Amino acid sequence: MKRQRLSLIKEIITKNHVATQEELTSLLLERGENVTQATVSRDIKELRLFKVHDGVGSYHYVCPNSDQQVSQSQLQKNLQNSITGTVANDALVVVHTLPGAANFVAFTLDSAKWPEIIGTIAGDDTVFLALRSAECKAAVLEKLKEYKS
């Protein structure tokens, strides 16, 4: 039952621009899935869904392992629309984002496989970048400059 629901969620977000948990809950209810918003919230976390900017002022969910391909230019545009600033100390860079965009930014940076970054941790509007060494900080900050909004 849960696997079917998760599969249905993937199908729904692939075919629709779903912007909110409430919208996803409604679409699931329309398809006969008796779910609550809390269940949908847990499912979103389990599927590791994140939101991407659609280029006209709103965001919608996508699945990181879906067949939906986002071009490099679209990723750059989404990062530019999401990153609001950066700060750093020795071997840690903090990236500030718009509310709700941190998971997308972390996923995008992980996918980019920059050799200077060994990992990311995302909250709601903040991403911590763990750097390979303190010497990598300047290169990462320089790369991130082009993405600040």
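That block above? That's the structure.
Remember, it's a predicted structure, so these values are computed and weren't measured experimentally.

Cut-offs used in this document
Residues numbered from 1 in each chain as written. Predicted model: local features only at pLDDT ≥ 70, side-chain atom pairs only at ≥ 80, totals over all residues. Heavy atoms only, no water. Pairing = 2+ DSSP bridges. Helix = DSSP H or I, 4+ residues; strand = E, 2+ residues; numbered from the N terminus. Core = buried A, V, L, I, M, F, W, Y, C linked by side-chain atoms within 4.5 Å. Buried < 20%, exposed > 50% of the residue type's maximum accessible area, 1.4 Å probe, protein only. Contact = heavy atoms within 4.5 Å. Salt bridge = Lys/Arg side-chain N within 4 Å of Asp/Glu carboxyl O. Polar contact = N/O pair within 3.5 Å; in protein donor to acceptor, adjacent residues only side chain to side chain. Axes fitted to C-alpha atoms, helices over the stretch in contact; angles between N-to-C directions.

Turning next to the pairing of strand 3 (residues 83-88). One ladder, built from five bridges, connects strand 3 with strand 4 (residues 92-97); its direction is antiparallel. In the strand pairing of strand 4, Val87 is matched with Val94. Adjacent in sequence and paired antiparallel, strand 3 and strand 4 are bridged by three residues.

Core analysis: the largest hydrophobic core is formed by 21 residues, its most contacted members being Val95, Val105, Leu129, Val140 and Leu144. A per-element tally of this core places helix 5 (residues 102-112) first, with five residues. Residues contacting Val140, with those up to four places away along its chain left out, are Val93, Trp114, Glu116, Ile117, Leu129 and Leu131.

This next bit is on the pattern of salt bridges. Going through the model one piece at a time under the given rule, you end up with five salt bridges. Close ionic contact of Lys15 with Glu11 constitutes a salt bridge, the shortest N to O distance being 3.5 Å. Here the residue Lys15 and the residue Glu11 both occupy positions in helix 1 (residues 2-15), the gap between them amounting to four residues, near one helical turn. We classify Glu11 as partly exposed; its relative accessible area is 39%. Ionic pairing is found between Glu116 and Lys143, a salt bridge with its closest N-O pair at 3.1 Å. Here Lys143 lies in helix 6 (residues 137-145) and Glu116 lies in the loop between helix 5 and strand 5 (117-122), a separation of 27 residues in the sequence. Given a relative accessible area of 12%, Glu116 falls into the buried group.

Here we come to unusual backbone geometry. At Arg48, a residue that is not glycine, the phi angle is positive and equals roughly 55°. For Arg48, the position within the fold is in the loop between helix 3 (37-47) and strand 1 (50-53).

So, on to the side chain of Glu116. At a separation of 3.1 Å, a polar atom in the side chain of Glu116 contacts the side chain of Lys143. Excluding residues that lie within four positions of it along the chain, Glu116 makes contacts with Ala130, Leu131, Arg132, Cys136, Ala139, Val140 and Lys143.

Attention shifts here to the sheet that holds strand 3. Pairing between the strands of a sheet is mediated by backbone hydrogen bonds and can be parallel or antiparallel. Spatially, four strands are ordered 3-4-6-5 in an open sheet, and the strand pairing comes out antiparallel. Where the open sheet ends on each side, the last strands, each with one partner, are strand 3 and strand 5. On average, each strand axis in the sheet is inclined to that of its neighbour by 20°, with strand direction left out of account. Two elements, strand 5 and strand 6 (residues 126-131), share five bridges in a ladder whose sense is antiparallel. Across the sheet, Thr120 pairs through a bridge with Leu129, a residue of strand 6. Seen against the sheet, helix 5 touches strand 3, strand 4, strand 5 and strand 6 and runs at an angle of roughly 165° to strand 5.

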